[in-house]
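# Observations on the model geometry
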Amino acid sequence: MISRKNASISKFIIHKVGNKFNDTKNAFSEKLVDFDEASYDLMLPFLLRPFGSVVQSYRFNHHANISLNEINSYSTQIFNDEEAFIDVSKHIVTHLYEQSTSAQIKTGDVLVVMFEGIEFNEITTNALGIFKIESKVNFFQTYLENNSYDVLVQKGISSKKVDKGCLILNQTDTEGNIILSVDNNSYDAQYWLNQFLNIKYADDANNHTQQYIELCKEFSTEILKTTYGAQEQNTFLAKTIDFFKENEVVNVERFKDEIFEEDKHKNLFDDYKKTFEGEQNLVIRNQFDVAEAVVNKEKKKIKTDIKLDTNIQIKLDIDAPEASSEYLERGYDDEKKMHYYKVFFNVEN
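A short tour of the structure in this document, coming up. (Residues numbered from 1 in each chain as written. Predicted model: local features only at pLDDT ≥ 70, side-chain atom pairs only at ≥ 80, totals over all residues. Heavy atoms only, no water.)

Let us now look at the overall build of the protein chain. Per the secondary structure count, the protein chain includes ten helices and 16 strands. Each principal axis of the C-alpha distribution contributes one length, and for the protein chain these read about 75 × 60 × 40 Å. The buried share of the protein chain, reckoned over its 349 residues, is 44%. Here the protein chain displays about 19900 Å² of accessible surface, and carbon together with sulfur accounts for 45% of that area. The averaged location of the 57 negative side-chain charges in the protein chain is 4 Å from the averaged location of its 40 positive side-chain charges. (Helix = DSSP H or I, 4+ residues; strand = E, 2+ residues; numbered from the N terminus. Buried < 20%, exposed > 50% of the residue type's maximum accessible area, 1.4 Å probe, protein only. Areas by Shrake-Rupley, 256 points an atom, 1.4 Å probe, with all protein chains shown as cover. Lys, Arg positive; Asp, Glu negative; His and termini not counted. Charge placed at Lys NZ, Arg CZ, Asp CG, Glu CD.)

Here you go:
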């Protein structure tokens, strides 16, 4: 997460990127944008707001040598020589164009921006931002002609959200420059993350926590819900979140001992973990520090509703992991030939 309270834009340029697949061309600007006050006051939060809630960070990646990563090279040039900003920004757009090899990938405006005063982990630094605006919205423009007002429809950039954006901080750790990325059009996420930026998740507590929660979510859907039903799935997810909230460090063996009552469930989890690691091409650590921000963010995404085909839904409280096993009972009625849930309570709220 970043803070933008002291942030400012020092350089800003707009280019247009085409699509190599259908042979639409790039169009380059030769001068920086000179903002008026109203445009600047709207643009700065528009670009930086999405990164205020980003928890995980990335680092540059390359199969041979990290110095051969194009965006790594271009950002380094700009940080070392800001006079090269305009020329290098064109190279960035050309590199983006070279990755546009599918009809799915949209043309759009590319904003290359230098920010000052970005705060990250209590350190203030400058940063290079690269944004791609793919979707334009219709809006009404009124105008005066012959003493009467008329209206026409124009297309423009919505100030609500960016389509794609990254923030490359001029700050490094043992893995290199710290990078944040957002993508609101995830249908072509691989094109943006892997092909254009060529980045990977940082090897830190945020990533380890995210990977393990993703494993648990997939296990709950693919194994528990399929085999034992939605109640078992949701109870497991509630216990998982509770475990992460109660512990600063996750040890996988202790996790299994606290979450699963039967060895067969532990074995199912171990088998699925191996499958998950193979499919995702990763190895989940047996012990890691918990990132509280990741847990809180993932908790909001978890749905604990049991949806029945009789137009009834049962909503379980993810903060009360024991409630499901204590006060909700699943069974089968031989007379009706239907499954049922029995709910115990004292009073209705």
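That was the structure; now back to the text.
With that settled, consider the pattern of salt bridges. In this structure the tally under the stated criterion is 24 salt bridges. A salt bridge links K20 to E98; the nearest nitrogen and oxygen atoms lie 2.6 Å apart. Taken together, the positions of K20 in the loop between β2 (8–17) and α1 (37–48) and E98 in helix α3 (residues 85–98) put the pair 78 residues apart, joining distant regions of the chain. Here E98 falls in the partly exposed class, since its relative accessible area comes to 36%. Its salt-bridge partner being K299, residue D319 comes within 2.7 Å of it at the nearest N-O pair. Of this pair, D319 sits in the loop between β14 (313–315) and α10 (323–327) while K299 sits in helix α9 (residues 292–301); the two residues are 20 residues apart in sequence, bridging distant segments of the chain. By relative accessible area, which is 41% here, D319 ends up partly exposed. The class of K299 is partly exposed, set by a relative accessible area of 23%. (Salt bridge = Lys/Arg side-chain N within 4 Å of Asp/Glu carboxyl O.)

Of the positions making up helix α7 (residues 252–259), those classed as buried are V252, F255, K256 and I259. The buried residues of α7 all sit within an arc of 95° when viewed along its axis, so they share a single face. Measuring from the side-chain oxygen of the N-cap residue of α7 to the backbone nitrogen of E253 gives 3.1 Å; that N-cap residue is N251. (Arc of directions from axis to C-beta. Polar contact = N/O pair within 3.5 Å; in protein donor to acceptor, adjacent residues only side chain to side chain.)

So, on to the packing of helix α5 (residues 205–228) against α9. In contact at an axis separation of 9 Å, α5 and α9 are set at 30° when each is read in the N-to-C sense. One way to sum up the angle between α5 and α9 is to call them roughly parallel. In this structure, the crossing between α5 and α9 has a hand that is right-handed. Of the residues in α9, those touching α5 at N206, T209, Q210, I213, E214 and K217 are V294, V295 and E298. (Axes fitted to C-alpha atoms, helices over the stretch in contact; angles between N-to-C directions. Parallel < 35°, antiparallel > 145°, perpendicular 65-115°, else oblique. Left-handed = near helix turned anticlockwise from the far one by under 90°. Contact = heavy atoms within 4.5 Å.)

With that settled, consider the pairing of strand β8 (residues 164–173). Most of β8 sits out of view: seven of its ten residues are buried. In this sheet, β8 lies alongside strand β5 (residues 123–133) in antiparallel orientation, the contact comprising six bridges. Bridge pairing in β8 places G129 opposite L167. One ladder, built from seven bridges, connects β8 with strand β9 (residues 176–183); its direction is antiparallel. If you follow D173 over to β9, its bridge partner there is G176. Where β8 folds back onto β9 in an antiparallel hairpin, the turn is made up of two residues. (Pairing = 2+ DSSP bridges.)

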